[in-house]
There are 2 protein chains.
Amino acid sequence: MAIYDDILAKVREQLPRMTHARKCVLRCLCESEQPLAANDMQVMLADADVDAATIYRNLETLCQIGVVHKVEMSARGALFALADNDHSHSIKCTECNCRVDIGDCFMAEVEALIQQRTGFDSVRHLVNFTGVCPQCRQPQQQ
Amino acid sequence: MAIYDDILAKVREQLPRMTHARKCVLRCLCESEQPLAANDMQVMLADADVDAATIYRNLETLCQIGVVHKVEMSARGALFALADNDHSHSIKCTECNCRVDIGDCFMAEVEALIQQRTGFDSVRHLVNFTGVCPQCRQPQQQ
DNA sequence: CCCTTATTGCAAATCATTTGCAAGTGAAAT
DNA sequence: ATTTCACTTGCAAATGATTTGCAATAAGGG
Ligand SMILES: [Mn+2]
Ligand SMILES: [Mn+2]
Ligand SMILES: [Zn+2]
Ligand SMILES: [Zn+2]
């Protein structure tokens, strides 16, 4: 949990209090491979005695200080992830819902290209890959 | 609206009825650059006399026949897009919310790489780019 | 134009998110 | 260790999205 401790230290520098609920939210984000919805965290923290409203408020605060990034996918419902990078991606099977890791993030070149084409700075991405896994492809064979 | 007519024809082949509501949903998806949430369509169709429940039910049906793809970003709240490809991507400024087109989709190589690494078939993607636009970067200069 | 039945609208149920407010608690100062 | 005070939290109510049952509607074939 080196990452978790680092993040905790960074947050302590920027916010006046470090509370139980705040730690829980940060732990969720550290543990997750994918960006999470607030609701996903409610589920993860079912036994942790953290009110839903508190999760939402902490996410907003953590976004304000730049430790967490929010991606609004549409009017209602955003996803949250640590601003700190170093992540990998995965792909989910549309048939059996299994999830397989793809490996380290390979979007750096794509982001550089976007920066060139558009002049945008601080380019970030959220990607979601789906497909059909080898097991689901040939239900009759083997 | 060549795309719209093509899609309409394809759906007619696979479903017994082509209704006002169904056309509206398909038109939304054809017109949008980005994947849409059901709720986004409710907004777009505010004047079209289509019940919200009907939008949800049509989306489910269209997914079943494979004309629409659903991407579940988390427990609640999915995004929908035409299965038909040929799309472009855009990037949204986190400061002013402006959106700039990036150009044709450049994810083909990435998808090929994923297919190699994981053995998955029919790989699809949903991407979301954010950054800071040139105007928002230097609020003081020029 | 009539029939059949897929599809819709409406209303109610369910569940996620937001907000106000009083109570609780982290951490700095004593 | 105790005190103190602003920051945070929990709770409850409000808001808004999504789902579901059911009777009414309408698309398309005959
Ligand atoms: Mn990445
Ligand atoms: Mn693309
Ligand atoms: Zn599978
Ligand atoms: Zn901007």
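Preceding this paragraph is the structure being described.
From a predicted model like this one, the values you see are computed outputs, not experimental measurements.

## What about the coordination of the manganese ion (ligand 2)?
Every protein donor of the manganese ion (ligand 2) is listed here as B:His87 (NE2), B:His89 (NE2), B:Cys105 (SG) and B:His125 (NE2), and their distances to the metal cover 1.9 to 2.4 Å. A relative accessible area of 26% places B:His87 in the partly exposed class.

## Quick look at the interface of chain B and chain A
How large an interface is tends to be reported as the accessible area lost when its parts come together. Between chain B and chain A, the contact holds 41 residues from the first and 41 residues from the second. Of the roughly 3,400 Å² buried between chain B and chain A, counting both surfaces, carbon and sulfur atoms make up 65%. Looking at the side of chain B facing chain A, the largest losses of area belong to B:Met73, B:Phe120 and B:Asn128, adding up to 19% of the total buried there. The tally of links between chain B and chain A comes to two salt bridges. Here A:Arg137 makes a salt bridge to B:Asp121, at a shortest N to O gap of 3.2 Å. Inspection of the region where chain B meets chain A yields 12 residue pairs in polar contact (both at pLDDT 80 or more). No other element matches the 12 residues that strand β5 (residues 121-132) of chain B contributes to the side of chain B that touches chain A.

## Let's talk about the protein's contact with DNA strand C
Neighbouring DNA strand C are 22 residues; A:Arg17, A:Tyr56, B:Thr19, B:Arg22 and B:Thr54 lie closest to it. Counting only atoms of DNA strand C within 4 Å of the protein, the sugar-phosphate share comes to 73%. Taking A:Asn39, its main chain carries an N or O atom lying 3.3 Å from a phosphate oxygen of DNA strand C. Between DNA strand C and B:Thr54, the relevant distance is 2.8 Å, taken from a phosphate oxygen to a side-chain nitrogen or oxygen of the residue. For the surface near DNA strand C, the secondary structure elements donating two or more residues are α3 (38-44) and α4 (52-64) of chain A together with α2 (20-31) and α4 (52-64) of chain B.

Calculation rules
- Residues numbered from 1 in each chain as written.
- Chains lettered and ligands numbered in written order.
- Predicted model: local features only at pLDDT ≥ 70, side-chain atom pairs only at ≥ 80, totals over all residues.
- Heavy atoms only, no water.
- Donors = N, O, S within 2.8 Å, 3.2 Å for Na, K, Ca; no water.
- Buried < 20%, exposed > 50% of the residue type's maximum accessible area, 1.4 Å probe, protein only.
- Contact = heavy atoms within 4.5 Å.
- Buried area = accessible area lost by both parts, 1.4 Å probe.
- Salt bridge = Lys/Arg side-chain N within 4 Å of Asp/Glu carboxyl O.
- Polar contact = N/O pair within 3.5 Å; in protein donor to acceptor, adjacent residues only side chain to side chain.
- Helix = DSSP H or I, 4+ residues; strand = E, 2+ residues; numbered from the N terminus.
- Near = heavy atom within 4 Å.

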